[in-house]
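Structure at a glance
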Amino acid sequence: MQNDFILGNYTPYNTFIHKIDARLKLLFTIILMTAVFLSYGTYITTLIVDGILLIFIFACIFISRIKILQVIKSLKYIWITFIFVFILNILLPNSSFSTEAFNINGFVIYWEAILNAIRILFRLIMMILLTLILTSTTKSTDLSYAFEFYFSPLKLFRFPVEILAMIISLTLRCIPLVLEESLRIKKAQESRGANFISGNIFKRIINFVSLLVPLLLTCLDRAVDMAHVMEVRGYIPNMKRSRYHRYYFSLLDLFSFIGVIAFSCFLFYLAYMQFDLLDTLFNFTNSITVLR
C-alpha cells in the first residue's frame, strides 16, 4: 500500500530536482499552482495552456524518476472526488452558457459546462502532481526548514514559526500513513464480516462511517508515539535549534530559478493578455501564406 500511494513519501534519488534547494522548490510549487488557477481567455486557450503545464509537470516527474504507474495508483484513491466535481460542474446552471450539447428530457447540458468541468479536473490533477513532486524529492527536514524560512518574518510578531513549520511538514508526511491505516482497518473489518461493497448507498455510507472511530483512535496513538519519539530525540519546541546541515544556494539553484521564473512569466503574460491562441495561430498561418 505504501508503495502505491506516494504522495508524502520521499524517494531518495540523485536527480537534479532532488538537488534543488527546498526553499526554491517550495517557491516553484506555489508559483506553478498560481499559474494553474489563472484564466487564459477562452476555454480552448486555457485548455491548451493547461496541457502545456501538464506536459511540463510530467517532464519533472520523469526527471525525478517517479514511476508513472505509482502516480496513476496514487490518483485512483481520489477518483470519487474527481467524478463528483465533474458532475457537479456540469449540472450547476450558469446564465452565461449558451452552446447546447445535450437535452435530456428538458434538462440542458452545455458545452461550456463540460469544458469548465474538464478544466477544473485538470487543475486538481496538476495541484496533486505538483505536491507529489515536492514531497517526493524533498526530505522532511529540508521541507520543514523551507516553511520556516518563508514564515521567518512572522518572528517579529513573536509567532511560533518553527512549530508551525514542523506541523505543516508532519502533516504532509502523515498523508500516506493515514491512508495506509484506513485500508488496514477496512481489511480487518471485512475479515470480520463487514461489507463495504454491496447494499444501498446509505448502508454503505454507514459502514464507511464505522471506519472513522478506529481510524481516529489509531491516528491519536500514532501522534502520541511521534511526540514521545521527538521528545526522546531532544526536540523542544520553544528552544532555539541548531542545524547539522547548512543550506546554501548553488549554481544549479540559480539556473533552475531562471528557467522556472521565465516559464511562469510567460504563463502570467498569456493570462494578462487574454490571447485567443487558435485565432492567433490562424492569423499567423494566413500571413505566412500571403507572404508566399
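Residues numbered from 1 in each chain as written. Predicted model: local features only at pLDDT ≥ 70, side-chain atom pairs only at ≥ 80, totals over all residues. Heavy atoms only, no water.

**Brief notes about the overall build of the protein**
Counting secondary structure elements, the protein contains 12 helices and two strands. Going from the N terminus to the C terminus, the protein shows its helices and strands as α-α-α-α-α-β-β-α-α-α-α-α-α-α. Burial status across the protein gives 33% buried among its 292 residues. Of all intrachain contacts in the protein linking residues separated by at least 6 positions in sequence, the fraction that spans at least 24 positions is 76%. Here the protein has roughly 18700 Å² of accessible surface; of this, 69% comes from carbon and sulfur atoms. (Helix = DSSP H or I, 4+ residues; strand = E, 2+ residues; numbered from the N terminus. Buried < 20%, exposed > 50% of the residue type's maximum accessible area, 1.4 Å probe, protein only. Contact = heavy atoms within 4.5 Å. Areas by Shrake-Rupley, 256 points an atom, 1.4 Å probe, with all protein chains shown as cover.)

**A look at helix α3 (residues 43-63)**
With 21 residues, α3 extends 30 Å between its outermost C-alpha atoms, agreeing within 8% with the 30 Å of an ideal straight helix rising 1.5 Å per residue. When α3 is considered as a whole, its buried residues turn out to be Thr45, Thr46, Leu47, Val49, Asp50, Leu53, Leu54, Ile57, Cys60 and Ile61. One or two positions beyond α3, positive phi appears at Arg65, with a value near 65°. (Expected span 1.5 Å × (residues − 1).)

**Comments concerning the packing of helix α2 (residues 22-36) against helix α6 (residues 111-136)**
With their axes 10 Å apart at the nearest point, α2 and α6 run at an angle of 175° to one another. Relative to α6, α2 is oriented roughly antiparallel. In this structure, α2 uses Lys25, Leu26, Thr29, Leu32, Met33 and Val36 to contact α6, whose residues at the interface are Arg123, Met126, Met127, Leu130, Thr131 and Leu134. Looking at the contact of α2 with α6 residue by residue, the classes come out as eight nonpolar, two polar and two charged. (Axes fitted to C-alpha atoms, helices over the stretch in contact; angles between N-to-C directions. Parallel < 35°, antiparallel > 145°, perpendicular 65-115°, else oblique. Nonpolar A, V, L, I, M, F, W, Y, C, P; charged D, E, K, R; others polar.)

**With respect to the confidence of the model for the protein**
Low-confidence regions, as indicated by low pLDDT, have predicted coordinates that should not be scrutinised in detail. On average, residues of the protein carry a pLDDT of 80, and 85% of them reach 70 or more. When pLDDT is averaged over each helix and strand of the protein, the minimum, 65, is found for helix α12 (residues 277-291) and the maximum, 93, for α2. (pLDDT = per-residue confidence, 0-100.)

**Focus: the pattern of salt bridges**
Any two side chains of opposite charge can pair, on the condition that their charged atoms come close. For the structure shown, the criterion picks out four salt bridges. With a shortest N-O distance of 3.4 Å, Lys155 and Glu162 are connected by a salt bridge. Exposure remark for Glu162: the relative accessible area of 24% places this residue in the partly exposed category. Taken together, the shared-partner salt bridges connect Glu181, Arg184 and Arg222 into one network. (Salt bridge = Lys/Arg side-chain N within 4 Å of Asp/Glu carboxyl O.)

**A closer look at the packing of aromatic side chains**
Enumeration over the complete set of coordinates arrives at four aromatic pairs. Measuring from centroid to centroid gives 4.4 Å for Tyr145 and Tyr247, while their planes differ by 10°, and the two rings are stacked. Taken together, the positions of Tyr145 in helix α7 (residues 140-151) and Tyr247 in the loop between α10 (212-232) and α11 (251-273) put the pair 102 residues apart, joining distant regions of the chain. According to the relative accessible area criterion, Tyr145 is buried, its value standing at 16%. Residue class for Tyr247 comes out partly exposed when judged on its relative accessible area of 23%. Seen in terms of ring centroids, Phe149 and Tyr150 are 5.2 Å apart; in terms of plane orientation they differ by 80°. Their pairing is edge-to-face. Note on Phe149: relative accessible area 34%, which makes it partly exposed. Sitting over the face of the ring of Phe149, Arg23 holds its NZ or CZ atom 5.0 Å from the ring centroid. The ring of Phe249 has Arg23 lying over it, and the distance from NZ or CZ to the ring centre is 4.2 Å. (Phe/Tyr/Trp six-rings, centres within 6.5 Å; stacked < 30°, edge-to-face > 60°. Lys NZ or Arg CZ within 6 Å of the ring centre and 35° of its normal.)

**Description of unusual backbone geometry**
With phi around 65°, Arg65 is a residue other than glycine that occupies positive phi space. Of note, Arg65 is situated in the loop between α3 and α4 (68-76).

**Concerning the environment of Asn9**
Mapping Asn9 onto the fold places it in the segment before α1 (16-19). Distance from Asn9 to Ile133, taken between C-alpha atoms, is 9.9 Å for residues 124 residues apart in sequence.

**Regarding the pairing of strand β2 (residues 107-110)**
With four bridges joining them, strand β1 (residues 100-104) and β2 adopt antiparallel strand pairing. Bridge pairing in β2 places Ile104 opposite Phe107. Taken together, β1 and the strand that follows it, β2, pair antiparallel across an intervening segment of two residues, in which Asn105 is found at a positive phi of about 50°. (Pairing = 2+ DSSP bridges.)

**Focus on the nonpolar core**
Soluble, globular proteins show a tendency: their nonpolar side chains are buried together. Within the largest apolar cluster, 23 residues are counted, with the highest numbers of intra-cluster contacts made by Tyr40, Leu53, Ile57, Ile61 and Leu267. If you list the elements that add at least two residues to this core, you get α2, α3, α6 and α11. When residues of this core are assigned to their parent elements, the largest contribution, six residues, is made by α3. If you look at the next biggest cluster of nonpolar residues, it comprises eight residues, including Leu134, Leu143, Ala165 and Leu172. (Core = buried A, V, L, I, M, F, W, Y, C linked by side-chain atoms within 4.5 Å.)

**Considering helix α8 (residues 161-191)**
Between its first and last C-alpha, α8 extends 45 Å over 31 residues, near the 45 Å set by a 1.5 Å rise per residue. The sharpest bend along α8 reaches about 40° and sits at Cys174, with the proline Pro176 one to four residues further on. Where α8 is concerned, the buried positions are Val161, Ala165, Met166, Ser169, Leu172, Arg173, Pro176, Glu181, Ser182, Ile185 and Gln189. Where the residues of α8 are buried, they touch α6, α7 and α10. Following α8 by one or two positions, Gly193 adopts a phi angle in the positive range, close to 110°. (Bend = angle between axes of the 7 residues up to and from the residue.)

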